[in-house]
Amino acid sequence: MSDRVIVALDFPSAEPALVLADRLGPACTFYKVGLELYTAEGAAVVRALRRRGKHVFLDLKLHDIPNTVARATARAGELGVRFLTVHAAGGAAMLEAAAAASPGGLRLLAVTVLTSLDAPGLGAVFGRRVEDAGLEAERLARLVRGAGLGGVVCAAGEAGRIRAVMGPGAAIVTPGIRAPGEPRHDQRRVRTPAEAFRAGATHIVVGRPVTFAPDPAEAFARIAAGAPGAS
Ligand code: C5P
């Protein structure tokens, strides 16, 4: 059993999400609740997962004024969430306020640059020429580290660079994971679980390879077999 593989519950309602969690049973201990499921079901679905003894990664990518993000972070802490995402672009004051409001068991993960943004797209956001989106991600990771946050979500291909900035204790969580030969869906650059862990990821996020699988438990077991700490 490994808590390094997080299954993304990208569903429109709680029912299929909890049916999947129950099908995976004790083998899977960590689930990501993102904007779709949280918008549909709110905190109730987080509580339902916590009642089943699961860890929850609440992927809300918070980006607002420091007071608002700090208060939302505190509420996530009360729900017993283990990972919560915030946007590094919210700035140092927002990141520091979130860190100060975060209880011991909750680790804040920063999103540096959305992987959907390329250099020209990022340049249009910043109003200046951007040569390399990866360098901007590193710059933002330094801001994140300086604000006292202990983790980043990034593509597996960036994990090595981000690890170098964040240091050995940071959580590095990488989506875009596919086993060799698996359909990529809308992901452009994918890595296998083994590649992601070798590159420095501490956790991987896997959605459709498990949720769309004819046998989700078998698909999960295959992916988790390659994770550190697997038994
Ligand atoms: O189904 P799939 O494995 O592609 O799902 C990956 C999960 O990770 C989804 O919940 C997706 O929103 C999330 N994600 C991602 N790429 C990012 C950030 C988050 O795929 N850069």
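Basis of the calculations
- Residues numbered from 1 in each chain as written.
- Predicted model: local features only at pLDDT ≥ 70, side-chain atom pairs only at ≥ 80, totals over all residues.
- Heavy atoms only, no water.
- Phe/Tyr/Trp six-rings, centres within 6.5 Å; stacked < 30°, edge-to-face > 60°.
- Helix = DSSP H or I, 4+ residues; strand = E, 2+ residues; numbered from the N terminus.
- Buried < 20%, exposed > 50% of the residue type's maximum accessible area, 1.4 Å probe, protein only.
- Lys NZ or Arg CZ within 6 Å of the ring centre and 35° of its normal.
- Pairing = 2+ DSSP bridges.
- Near = heavy atom within 4 Å.
- Polar contact = N/O pair within 3.5 Å; in protein donor to acceptor, adjacent residues only side chain to side chain.
- Areas by Shrake-Rupley, 256 points an atom, 1.4 Å probe, with all protein chains shown as cover.
- Nonpolar A, V, L, I, M, F, W, Y, C, P; charged D, E, K, R; others polar.

(A) Looking closely at the packing of aromatic side chains. With the rule as written, the count across this model stands at 2 aromatic pairs. Seen from their ring centres, Phe 30 and Phe 83 are 5.2 Å apart, and the 40° between their planes marks the pair as tilted. Of this pair, Phe 30 sits in strand E2 (residues 30–33) while Phe 83 sits in strand E4 (residues 83–87), and the two are 53 residues apart along the sequence. This pair shows no difference in class: Phe 30 is buried, exactly as Phe 83 is. An angle of 80° between the planes, with centres 5.9 Å apart, marks the rings of Phe 57 and Phe 83 as edge-to-face. Of this pair, Phe 57 sits in strand E3 (residues 55–62) while Phe 83 sits in strand E4, and the two are 26 residues apart along the sequence. Summarising the burial analysis for this pair, Phe 57 and Phe 83 share the class buried. Geometry around Phe 57 places Lys 32 over its ring, the cationic atom sitting 5.9 Å from the centre.

(B) Highlighting the pairing of E2. By the alternation rule, side chains of E2 split into Phe 30 and Lys 32 and Tyr 31 and Val 33, which are all buried. Here 2 bridges tie strand E1 (residues 5–8) to E2, and the two strands are oriented parallel to one another. By the bridge assignment for E2, Ala 8 is matched with Lys 32. As paired elements, E2 and E3 share 4 bridges and run parallel to each other. Looking across to E3, one finds that Phe 30 is bridged to His 55.

(C) Spatial organisation of the site of the ligand. Lining the immediate surroundings of the ligand are Ala 8, Asp 10, Lys 32, Thr 115, Pro 175, Arg 178, Gln 187, Val 205, Val 206, Gly 207, Arg 208 and Pro 209. One nitrogen or oxygen atom from the main chain of Gly 207 is found 2.8 Å from an oxygen atom belonging to the ligand. Look at the ligand: alone it shows 470 Å² of surface, and the protein chains cover 80% of it. Secondary structure elements with two or more residues in the shell around the ligand: strand E8 (203–206) and helix H10 (208–211). Its residues assigned to classes, the shell around the ligand comprises 5 nonpolar, 3 polar and 4 charged.

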